[in-house]
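Residue-level structure breakdown
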Amino acid sequence: MASLKDMRDRIGSVKATQKITKAMQMVAAAKLRRAQDAATGARPYAERMAAVIANLAAGVSGADAPRLLAGTGSEQRHLIVVATADRGLAGGFNSGIVRAARDRINTLLREGREVRIVAVGKKARDPLRRLFGTRVVESFDLSATKTLSLEAAQPVADLILREFDEGRADVVTLFYSRFRSVISQVPSARQLIPAVVEAGARPVDLNGAVYTYEPDEQSILETLLPRNVAIQILSALYENAAGEQSARMQAMDNATRNAGELIGDLTLLYNRQRQARITTELIEIIAGSEAI
Amino acid sequence: MAKLRFSLVAPERELYAGEVDQVIAPGSQGQFGVLAGHAPFMTTLQEGEVIVLDGAKRRVFGIRGGFADVTGEGLTILAEHATEATIQ
């Protein structure tokens, strides 16, 4: 049985851990606000972009359609982009995204497809390397990026577009975590190439007037589609950032509560043991005095 | 005079949203002005200034990349980079 001193030390160490988790929870809560504002602030752009592309895509059809929209006509080569956080201690946040990606990759491999993987974030790179080795062709580390902006997403987009243009990928899918609410983040997949035209995008009311395009529909669409890849990645990164903080906040809240329970249990045990020892000592003294 | 509904959006956030008299923007085929009731029109943009005129007020934004979309509802400018120029 542990001595009383061991137990005191144990309680002390749990208390110290609780202080850390409590602090981490509060830091995450503060960061969450900022990340959430950024995520909501980024939404109008992505939404307008999707609407405009849907609009343009309706007018361009058949053989004229850019390859980013129509695809290469094959579905053999897949590029899977997995975006996670750079840091752990966020509950199942990172592993959820990796698991979703892993399941998809395994399905594709069983179907005999070629799969190449791009990892964005340290927590995507390490497990994916372990699982798929050299299939991970490139990884990005965003831990040095303080505030997310288009500059952070651009290198990822450039790589994807290069892979596509040079014929190493037919389909590009992005895995990230959709930020549904503070208590719910859903690992999700989003197809980047060929571009998915949202059915829900509202057609712009023209009042019967003819739309004028400068330079022309085709060229506008051709400039927009590559940009859209970067925007989609950026919006996924924003959602991830907000999701990461809320997942960490929740995980640390749980940890703090567990530590509290543990401290309660240990203190009870400690007091009981102390009481037992005092009782034994008293019995010994009384027994001793009676014997005399 | 009828007002034009205008919004200027950058990837990170919305910089301007509201009703204005006129907006002048740097289209890739030349600068253009938009008033309320403009015909539907879409163009890519080049680096330059977006000037927002509303009554006596005048605000200038520097933008780079992006496009403008004029619909029956108003004008939306999606700029890849945008910052407000400080007024002298």
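Residues numbered from 1 in each chain as written. Chains lettered and ligands numbered in written order. Predicted model: local features only at pLDDT ≥ 70, side-chain atom pairs only at ≥ 80, totals over all residues. Heavy atoms only, no water.

**So, the pairing of strand 5 (residues 41-44) of chain B**
Of the two faces of strand 5 of chain B, both are covered, the one formed by Phe41 and Thr43 of chain B as well as the one formed by Met42 and Thr44 of chain B. Strand direction decides the pairing type here: strand 6 (residues 212-214) of chain A and strand 5 of chain B, joined by three bridges, are parallel. Bridge pairing in strand 5 of chain B links glutamate 214 of chain A to threonine 43 of chain B. Across four bridges, the pairing between strand 5 of chain B and strand 7 (residues 57-71) of chain B is antiparallel. (Buried < 20%, exposed > 50% of the residue type's maximum accessible area, 1.4 Å probe, protein only. Helix = DSSP H or I, 4+ residues; strand = E, 2+ residues; numbered from the N terminus. Pairing = 2+ DSSP bridges.)

**Quick word on the pattern of salt bridges**
Residue and element names in this part refer to chain A. Counted according to the given criterion, the structure contains 18 salt bridges over all chains. A salt bridge links glutamate 239 to arginine 43; the shortest N-O distance between them is 3.1 Å. Taken together, the residues span a long stretch of sequence, with glutamate 239 in helix 6 (residues 217-291) and arginine 43 in helix 1 (residues 4-59) at a distance of 196 residues. Here arginine 257 and aspartate 253 are joined by a salt bridge, their closest N and O atoms 2.8 Å apart. (Salt bridge = Lys/Arg side-chain N within 4 Å of Asp/Glu carboxyl O.)

**Details of the interface of chain B and chain A**
Taken residue by residue, the interface counts 26 residues in chain B and 32 residues in chain A. For the pair chain B and chain A, the two sides together bury roughly 2300 Å², of which 61% comes from carbon and sulfur. Across the contact surface, chain B and chain A share two salt bridges. Our count for the contact surface shared by chain B and chain A stands at five residue pairs in polar contact (both at pLDDT 80 or more). Only strand 5, strand 7 and strand 8 (74-84) of chain B provide two or more residues apiece to the side of chain B that touches chain A. (Contact = heavy atoms within 4.5 Å. Buried area = accessible area lost by both parts, 1.4 Å probe. Polar contact = N/O pair within 3.5 Å; in protein donor to acceptor, adjacent residues only side chain to side chain.)

**Observations concerning the layout of surface pockets**
Residues and elements named next belong to chain A. In this model, the largest pocket occupies a volume close to 810 Å³. Taken together, 24 residues form the lining of the largest pocket, with Thr145, Lys146, Leu148, Ala241 and Gln245 sitting closest to its centre. Put simply, the parts of the chain that give the lining of the largest pocket at least two residues each are helix 1 and helix 6. Counting residues per element, the lining of the largest pocket draws most heavily on helix 6, which supplies six residues. Here the residues of the lining of the largest pocket are counted per class, giving 10 nonpolar, seven polar and seven charged. (1 Å grid on protein atoms, 1.4 Å probe; cavity = no way out; pocket = protein on both sides within 12 Å on 5 of 7 lines; lining within 4 Å. Points joined across faces, edges and corners; volume = space filled by probe spheres on them. Nonpolar A, V, L, I, M, F, W, Y, C, P; charged D, E, K, R; others polar.)

**Points about the packing of aromatic side chains**
Residue and element names in this part refer to chain B. This model, assessed by the stated rule, comprises three aromatic pairs over all chains. Their ring planes at 40° and their centres at 5.6 Å tell us that phenylalanine 6 and tyrosine 16 sit as a pair that is tilted. Here phenylalanine 6, found in strand 1 (residues 4-9), pairs with tyrosine 16, found in strand 2 (residues 14-20); they are 10 residues apart in sequence, far enough to count as distant. On the basis of relative accessible area, phenylalanine 6 is assigned to the buried category, the value being 1%. (Phe/Tyr/Trp six-rings, centres within 6.5 Å; stacked < 30°, edge-to-face > 60°.)

**Overview of the nonpolar core**
By size, the foremost hydrophobic cluster in this structure holds 56 residues, and its most contacted members are Val120, Ile160, Ile193 and Ile233 of chain A. At the level of secondary structure, the elements contributing two or more residues to this core comprise helix 1, helix 2 (67-70), strand 1 (77-83), strand 2 (114-120), helix 5 (150-165), strand 4 (171-181), strand 5 (184-193) and helix 6 of chain A. It is helix 6 of chain A that contributes the most residues to this core, 14 residues altogether. Other than its neighbours up to four places away in sequence, valine 120 of chain A contacts Val81, Val82, Ala83, Thr84, Phe140, Leu142, Val156 and Leu237 of chain A. Residues Tyr16, Val23, Phe32 and Phe61 of chain B belong to the second largest nonpolar core, which totals 23 residues. (Core = buried A, V, L, I, M, F, W, Y, C linked by side-chain atoms within 4.5 Å.)

**Topic: empty space enclosed by the protein**
In the structure shown here, the tally under the stated rule is one cavity of 30 Å³ or more. Estimated volume of the largest cavity: approximately 30 Å³. Ala42, Tyr45, Ala46, Ile231, Leu234 and Ser235 of chain A together with Pro11 of chain B together form the lining of the largest cavity. Only helix 1 and helix 6 of chain A provide two or more residues apiece to the lining of the largest cavity. Counted by class, the lining of the largest cavity contains six nonpolar, one polar and no charged residues.

**Digging into the packing of helix 3 (residues 93-110) of chain A against helix 4 (residues 122-132) of chain A**
Residue and element names in this part refer to chain A. Relative orientation of the contacting elements helix 3 and helix 4 amounts to 35°, with a least axis distance of 10 Å. The chirality of how helix 3 crosses helix 4 is right-handed. The residues of helix 4 that touch helix 3, namely those facing Asn94, Val98, Arg102, Ile105, Asn106 and Leu109, are Lys123, Ala124, Pro127, Leu128, Leu131 and Phe132. For the contact of helix 3 with helix 4, the class distribution of residues is eight nonpolar, two polar and two charged. (Axes fitted to C-alpha atoms, helices over the stretch in contact; angles between N-to-C directions. Left-handed = near helix turned anticlockwise from the far one by under 90°.)

**With respect to the confidence of the model for chain B**
Interpreting fine coordinate detail is not advised for predicted regions of low pLDDT. All names here are of chain B. Overall, the predicted model of chain B reaches an average pLDDT of 88, with 97% of residues at or above 70. Averaged over each element, pLDDT in chain B is lowest for strand 5 (88) and highest for strand 3 (residues 22-27) (93). Scored as a complex, the prediction yields pTM 0.84 and ipTM 0.81. (pLDDT = per-residue confidence, 0-100.)

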